[in-house]
Structure formats: structure tokens, C-alpha cells
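# Structural overview for review
The residues making up each chain are set out below.
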Amino acid sequence: MSPALAAFLRPSSFALKFAFKGVLAMSLALYAAFYFDLDRPYWALISAAFLQIRPMSGMVVEKGICQIAGTVAGVGVAVVIMGLFAQAPELALGSVTLWIGLCIYGASLTHNNLSYGCVMGAVACMIIVVLTSSAPGNFFSVALARLSELSLGALCAVLVSALVWPIRVRDHLGQLADTAVNATFRYMALAFSDPSQDDLSAEQRHAEENRERQAMLEQMMTGLGALNNLEIDAHSARYEGPQGKGRIRGVHLLTRRSMRLYATLKALHQLRHPEFFLRHHATGVDGESEHPNAIDDDGQDDQFAPPAVQQPERFSQPTQDLMQRLGSAFQSMADNQGIGQARATLKELRGECLRISRGQRNLSALEARLLYSLREVLGHALVMLQAREVINHPGRHQLRQPSLSWHRDHGRAATNALRAMLIFGTTSIFWLATAWDNGAVAMLLGTLFSGIFASRDDPAPIIPMVLKGLLFAVPSVLLFGNVLLSQAQHFVPFILIFSVPLFIGLMGSVVPVLAGICLPFVVFNILLVMPDNGMTFDVAYTLNRSLAAGIGLIVTILGFRLIPVPGAGWDKRQLIQTTASDIRELAERPAQQVDSWFGGRMGDRLLRLARHEQSRQQEQQSRQGGADSPAIADEPQGMPLMSLGLTGMDIGRGIGFVRRELGENMSRPVQRALQSLILALAEDFERCSQGKRPRRLQKAGRRFSQTIAEQDAMSRHKQALLAGWLERVQLTLESDALRQNA
């Protein structure tokens, strides 16, 4: 049975509870609006419907607060606009257009329910100005009514979500934290798997590598997806008691350490699996042998010549045995090993890393750095276990952890604002030119959906699904809203009849493939019926409003087609520019702030890149005909954008290590050499994103190492770690350059 049929013929208990809670909240809102004789009770209905989309109690409270705050702000701006331009509707609508652009700009730069609050500020201002433009004397009564109706709907939604089968954010966060930690540990188990496959043929070895790479991709995307949802949903936990803030801090800690761990593992996995680098060295981008004297556009030798150290046996046997133990240990921990036993295992392995690094005198710089990075990985894993405990039981731990520094893409926000202004401007001109009463519906829907979809990576395929929801809602409204409701004489039969399509729509919206159709189906049933004390059951009027809604959606679709959301190319340029800029700024920031500042900003970027990579993988699979497509399987690491982000994170963390070791009181020669090294790292990071080999890092690294040795600014052990890190970054940048070419 298809998921669509199963959603309605064999609904889950969660779907039935979700639909019942949504219908109950909307029924209470409608009854209260009728009782208080509000002008447009359906606005209370719509308010309750939007708040029940994610019915967890903390999220409903937070969304309700943001909705009311946005409405108050929109009403305040509408007061100013009507006070200035009550007699000039063209100027009033022009001012509303600017306000809508400002609100959508803010919605694109904010996260969580704050974005929804910005959208509601735009919608509230637009509704009040449009409804009172022909009768300015009714302005204050209309503004007060809109605020009362939306607040009433929010209150009913909050009460139902808290009292009827309550779903807590804390339970949701605990499940996501378990998913993130277990997926990360499985990724680590695969990363530490044995790279030697001497008993296999070349084809079998290649197939095994592809399967391993795909498994790593799946685990990474699962872990990053859970972390992304954690960061989005965690803020609602503050509305579920005094322990909510502790859970939020635990989420931030888990996200930070997971991002650092992924960045370190990416470099370690490349060192353990040199075939990922060497395979693409022998052939060029088109599969032909590269010319030995190839040069790039800067006149520099662009030949990728991996150093001799890049062989599987470059690490000693104790180190290789240790990494095998790490793989087995992380697989056991991912299979729900006890917390106490997992911590004991991790501490034992950290001690083993330290014993190997101190017990062998002939360690190369690269192997010394590898062992240091392994201790870092194990430390991150220990902190991740602690963060998961904080999320599940915040009262047992005291934790101070700042939130992520969000990456704000002002170019994308300006694009979204321009599109929203264009959509509203087009529908408002149409309304003024035709003097069509229902033209306001087109303006409302254009503003609402251009704001709601602005924060999505690729909303173009979703808006046609909203149009399908409208097409399904029209016959439902004609049957239930015009024929059956006309026979209801009291509220009880009225709400029983009206709830049938709402219940069906909410029940189907639980299924992800149907949510884009079923949720608009519910909203359009409310907008087209418009239940109030003076409603008429006129088929022509219903069709008239349906036509206006269709026009608004078509204009919205055209707006997203004419001004599309910037794609992966834009995100790549933004990532490179902002990350390189942040790397350069690391030379100026205090050493104690480097990790928290850079790690927070890169954490949000990596989460955004994870969403892009996930959508890109799905698009490639659909074009190539499935998940086992050779084009996907042969792609190095499978995630070129994500790989760049992880490299940037690793570079920033390495600079943080150097800054901490040197302290604030550096000599002038060391300070100049460090600044030169940081600038070289930023430039070569930008070069590798263009598919060009790094050209400044080796020279700047040698100069910095020599200066450190001459000034005796680090111990010999730390100098060896520094040399190993520089060598590893050089290999990573060359590998990323090849990946960008591929």
C-alpha cells in the first residue's frame, strides 16, 4: 500500500492524536471567537492551526509568543503608515511593501520561531492597511480585532498542547541527541576501519571502498541532520521548566564538539586511506594522464606530487593496532554500550595513545601529530557523552556553554526581501487596478508564502504542492462549507461538520510526502469557508475567493522562478569568502577566544552545508537512477562542499592550538611569522576551493617552524606536533583541490 493511502486507511496512533489535538484547538478558538463576538473568528482558527504544526508544548509556546510579538510590531507599523498615508492608498501600499521587504530580510537572518514572528509582522501590517484603506475610520477597531483573534488562537493552541497528550521538547531532544551521538560513533568506527585489503582484487577493493564511503556518508548525514534539528528545536526547551536552559547548553556543547570531531576525522581518514588521494593523482579530471609540467593560471607548478610519506606503512604497527581498537570500541559504543563502560573505554584508549607517543623515540612528525589528534578525538567523544547526559538529565550537571555564532548570509536575505516585495507589489497593483474585493486574498497568500518559504534551501518544488492543496480544498469547501454547513443551526453540528476536512488534512500531514499538500488543504478550508457570525453560503463567492487564492499562488511561483534562491555555487562562494576572512581574523583575536568564536561560526556553516549536500545527493541520485549510481559512488568523499567546510574548521582549530601554545606575549619575529602563516593558510584555502594546488603554505610553514626553533617559543615535542599538523594540512588542501576539480 502506498504511503498516501496508508496515511488515511491505516493511520498511526500519533497521526490520530495529532489530528484530534489540532481540531480541538481550532474548535476552542472558534467557539471563543464566537462567544466574544469577534469580527473575523477564522483568524483565531488560522492562528491555532499554524501553531499546531509542531505540537510539542515548548515549541507551541515559543511560536505563540513570536506570533503575538510579530503581530504587535506589524500593528504598530500599520498605525504609523495609516497615520501618514490614510488618504493616499498608493503611498500606504508602497510603505507596506518596504516593511514587508524589511520583515522578510529579518526572517532570512534569524532562526527558529523568530523567523515566523518576522513573517507575522509583515502579514499583520499588510492585512490592517488593506482592510482599512477604504475606511480609515475603522482602523483602530480592525487592528484591535486582529490582535485579539490571533492571541486567542495562540492561547487555545498552548492550552491544548499542554493538557491533551502533551509532547515534550525534552523527550524530542533526547532522541535527537542519541541519534547524533550513535551516528557519529558509527562514522568513527568506519573511519578507523582497516585500509589494507591485500587479499582482494582491484575491482573488489574498489567496490569495497565505494561501499565504505557510502556508509560513511550516510552516517555523517544522519548525525549532521540530527545536530541541525537539535540546534533548531533546542531553544523551545526554555519554556518547559527551569532545566530547559541546561538542555540548550548541552545541545550547543554537543554540536561544537561534533563539528570539531568531524573535522579532525576527515583529515585522519585521508591519512589512513591514501588511495582517496592517490587514485585521482594518476589521472586528470577527464581520466587522461596529467601533463608533468602543467601549470595554473598564476604560472605556478600545478602538478600534484604527493610526498613519499604518503604510504599505508608510514605509521608504526602499535599505532595501526590502536586505530583498529578504536574502530571496534566506537562500534560497540554506537550499539548502545553503557555510558559508564563507554567512558572507561575512552579513557583507557586515551592513555594508550599517550603511552605509544611517549614510548617510541623514532616517531615521524606526521605520526606524532596523528597520535595527538587521536587523543583529541577521544576527548571530543568523552565530552559528547557528557553533553548527551546534560540534554537528558540537566539537573545532574552544571555546564556553561555559549551558543553558536550564526552565519548570516545578507546576500540571500536581500534576495528574499526583493522577491517578497516584487510579489506583494504585483498583487497590490492588480488589486488597485481591478478594485476586486477578493484581491486582498492574493496579496495575503503572496506575502505569507514568500515569507515562510524564504528560509528554505529550495522552495520552488514546494509551492506547486501548495497549489495542489488549494485544488483539493475547493471541492471540499463546496461540499462541507456550502452544502452541509448551511443545514447546521447550532455550534455543535456546525463544528462537527466543519471539522471533518480539517481532521483528514491534519491526519495526512503527518506523512512527509503529503505534508506539502495536506497542511495547505487545511488552511484553504478555513480561508475559503471563513466561519463567522454573518457568513453566507454562496457558491459563486467561494469560487471567487478560490480564484483569488490561485492568482496569489501563481504570482508567488513566478516570483520564485524569476528570482530563484541562490544555489550551491552561491553558498560555496559565501563559505570560502567568510571562512577565509575568519581565518585571517584569527591572527588578531585574543588566544582564549579563538576556539569559541571560530568554532561557533563554522558550526552553523557546516550545518547549512550538510543540508545542501543532502539535497544535492538526492538530486544526483534521482538524475542517475538510484543510490548505487557510479557517478555518486566514484565521487571522492562524496561531499565537496562539506569537505571544504571541514578543512576550514580543521585549519581554524590548528591555528587555535598554535595561538594557545604561544600565548599573548610573542616576540616580534614569531608574531610576524605567525601572521604570514595565517595569511598563507587563508589564501591556499581559497585556492584549493578553485581546484588549484596550495602554493604559500609550505614556505610560510618552514619559515614559521624555523622562527619557533630559533626563538625557542615551543618545546621540541610541540614543535614536532606543529610540523605534523602543517604536513597534514598541506595534504588535505591538495586533496580538496583535486576533489573540486573532480
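Just so you know, these numbers come straight off a predicted model, no measurement behind them. Within each chain, residues carry numbers counting from 1 in the order of the written sequence. Where local features are concerned, this predicted model is filtered to residues with pLDDT of at least 70; where side-chain atom pairs are given and counted, the filter is 80 or more; whole-chain, interface and lining totals use all residues. Calculated side-chain values reflect all of the structure's heavy atoms, with hydrogen atoms and water omitted.

## A few points about the side chain of aspartate 650
Think of it this way: any DSSP run of H or I at least four residues long counts as a helix, any run of E at least two long counts as a strand, and we number them from the N terminus. Residue placement: aspartate 650 occurs in helix α24 (residues 640–662). In this scheme, a residue with accessible area under 20% of its type's maximum is buried, one over 50% is exposed, and one in between is partly exposed, where area comes from a 1.4 Å probe on protein chains only. Under the relative-accessibility criterion, aspartate 650 is labelled buried at 7%. If we skip the residues at most four places from it in the chain, aspartate 650 touches Ala263, Ala267, Trp725, Arg728 and Val729. Any two residues having at least one pair of non-hydrogen atoms within 4.5 Å are treated as being in contact.

## Looking at the state of the cysteines
We call a pair of cysteine sulfur atoms a disulfide when they lie within 2.5 Å. Under the counting rule described, the total for this entry stands at zero disulfides. No disulfide involves cysteine 66; its sulfur sits 8.6 Å from that of cysteine 118, the nearest cysteine. We note that cysteine 125 lacks a disulfide partner, and the nearest cysteine sulfur, in cysteine 103, lies 7.5 Å from it. A relative accessible area of 0% places cysteine 125 in the buried class.

## Describing the confidence of the model for the chain
Residues at a pLDDT of 70 or more form 85% of the chain, whose mean pLDDT is 81. As a per-residue measure, pLDDT reflects the predictor's confidence and takes values from 0 up to 100. Across the chain, helix α5 (residues 89–109) holds the top mean pLDDT of 92, while helix α23 (residues 630–633) sits lowest at 38. A low-confidence stretch, residues 275–313 stays under pLDDT 50, and its non-local contacts, those more than four residues away or across chains, total 68 contacts.

## A short note on the pattern of salt bridges
Opposite charge on two side chains permits them to pair, given that their charged atoms come into close proximity. Throughout this description, the term salt bridge denotes a Lys or Arg side-chain nitrogen within 4 Å of a carboxyl oxygen of Asp or Glu. Summed over all chains, the structure comprises 12 salt bridges. Put simply, arginine 589 and glutamate 585 hold a salt bridge, and the shortest N to O gap is 3.2 Å. Ionic pairing is found between arginine 696 and glutamate 683, a salt bridge with its closest N-O pair at 2.8 Å. Remark: glutamate 683 occurs in helix α25 (residues 668–689) and arginine 696 occurs in the loop between α25 and α26 (697–711); sequence separation between them is 13 residues. Arginine 696 gets classed as partly exposed once you look at its relative accessible area, which sits at 31%.

## Comments concerning a positive patch on the surface
Patch criteria: residues need more than 30% relative accessible area and no salt bridge. Like-charged residues are merged within 9 Å; nonpolar side chains of Val, Leu, Ile, Met, Phe, Trp and Tyr are merged within 5 Å. Accessible areas in this description were obtained via Shrake-Rupley with a 1.4 Å probe; residue shielding takes into account the shown protein chains only. Positive charges are assigned to Lys and Arg, negative charges to Asp and Glu, while His and the chain termini are left out of the count. To locate a charge, take atom NZ for lysine, CZ for arginine, CG for aspartate or CD for glutamate. A cluster of basic residues, Arg668, Arg672, Lys699, Arg702 and Arg703, forms a positive patch at the surface. Listed by contribution, the elements that provide at least two residues to the positive patch are α25 and α26. Examining the composition of the positive patch, we find that three residues originate from one element, α26, more than from any other. Position of lysine 699 among the secondary structure elements: in helix α26. The class for lysine 699 is exposed, based on a relative accessible area of 64%.

## A word on a nonpolar patch on the surface
The grouping of Leu5, Phe8, Leu9, Val500 and Ile504 at the surface amounts to a nonpolar patch, some 420 Å² of accessible area in total. When contributions to the nonpolar patch are tallied by element, the ones reaching two or more residues are α1 (3–9) and α18 (491–508). Looking at the nonpolar patch, the element that brings in the most residues is α1, giving three residues. Inspection of the secondary structure puts leucine 9 in helix α1.

## Some details on the environment of alanine 473
Along the chain, the position of alanine 473 falls in helix α17 (residues 463–484). Spatially, the C-alpha atoms of alanine 473 and proline 501 are 8.6 Å apart, while their sequence positions differ by 28 residues. Not counting the four nearest positions on each side in its chain, alanine 473 is found in contact with Phe521, Phe524 and Asn525.

## Topic: the nonpolar core
In a soluble, globular protein the nonpolar side chains are often hidden away together inside. Among the nonpolar cores identified, the biggest contains 105 residues, and Phe185, Leu254, Phe330, Leu374 and Phe704 are the most heavily contacted of them. Ranked by the residues each element gives to this core, the list is headed by helix α14 (residues 365–392), at 14 residues. The residues touching phenylalanine 185, leaving out its near neighbours within four places in the chain, are Phe330, Met333, Ala334, Ala381 and Leu385. Counting 95 residues, the second-largest nonpolar core is a separate cluster that includes Ile46, Met126, Leu150 and Met530. Only buried Ala, Val, Leu, Ile, Met, Phe, Trp, Tyr and Cys residues count toward a nonpolar core, and they belong to the same one when joined by side-chain atoms within 4.5 Å.

## Details of α24
With 23 residues, α24 extends 33 Å between its outermost C-alpha atoms, agreeing within 8% with the 33 Å of an ideal straight helix rising 1.5 Å per residue. Burial of α24 is extensive: 21 of the 23 residues sit out of reach of the surface. Taken from the residues just after α24, glycine 663 is the one with a positive phi, measuring 75 degrees. To estimate the expected span of a helix, subtract one from its residue number and multiply by 1.5 Å.

## A closer look at unusual backbone geometry
Positive phi outside glycine occurs at tryptophan 165, with the angle close to 45 degrees. If you trace the backbone, tryptophan 165 turns up in the loop between α7 (139–163) and α8 (169–191). Phi angles above zero are rare outside glycine, and aspartate 712 is one such case at about 50 degrees. For aspartate 712, the position within the fold is in the loop between α26 and α27 (716–741).

## Details of the packing of aromatic side chains
Only Phe, Tyr and Trp rings are paired, with Trp represented by its six-membered ring, and only when their centres lie within 6.5 Å; those with planes under 30 degrees apart are stacked, over 60 edge-to-face, the remainder tilted. For the coordinates displayed, the defined rule picks out 15 aromatic pairs. Ring plane angle 70 degrees and centroid distance 5.3 Å describe the contact between tyrosine 187 and tyrosine 262, whose orientation is recorded as edge-to-face. With tyrosine 187 in helix α8 and tyrosine 262 in helix α10 (residues 244–272), this pair connects stretches of sequence that are 75 residues apart. Using a relative accessible area of 1% as the deciding quantity, one classes tyrosine 262 as buried.

## Things to note about the environment of aspartate 178
Among the structural elements, aspartate 178 can be located in helix α8. Look at aspartate 178 and you get partly exposed, because its relative accessible area is 30%. With sequence-adjacent residues up to four places away left out, aspartate 178 is seen in contact with Arg388 and Asn392.

## Quick word on α25
The terminal C-alpha atoms of α25 lie 32 Å apart, and with 22 residues this matches the ideal 32 Å at 1.5 Å per residue to within 8%. Two residues or fewer after α25 comes glycine 691, characterised by a positive phi angle close to 80 degrees.

## With respect to the packing of helix α16 (residues 439–452) against helix α20 (residues 539–562)
The angle between two axes is taken between their N-to-C directions and runs from 0 to 180 degrees, where each axis is a line fitted to C-alpha atoms and a helix contributes only its stretch in contact. Where α16 meets α20, the axes come as close as 8 Å, and the angle between the chain directions of the two elements is 40 degrees. The angle between α16 and α20 falls in the class oblique. Crossing geometry of α16 relative to α20 is assigned as right-handed. Residues Val441, Ala442, Leu445, Gly446, Phe449 and Ser450 of α16 form the contact with α20, whose participating residues are Arg545, Ala548, Ala549, Gly552, Leu553, Thr556 and Phe560. Classification convention: Asp, Glu, Lys, Arg as charged; Ala, Val, Leu, Ile, Met, Phe, Trp, Tyr, Cys, Pro as nonpolar; all other residues, Gly among them, as polar. Split by residue class, the contact of α16 with α20 holds eight nonpolar, four polar and one charged. With respect to orientation, any angle under 35 degrees is reported as roughly parallel, any angle over 145 as roughly antiparallel, any angle of 65 to 115 as roughly perpendicular, and every other angle as oblique. Left-handed describes a crossing in which the near helix is turned anticlockwise from the far one by less than a right angle; the clockwise case is right-handed.

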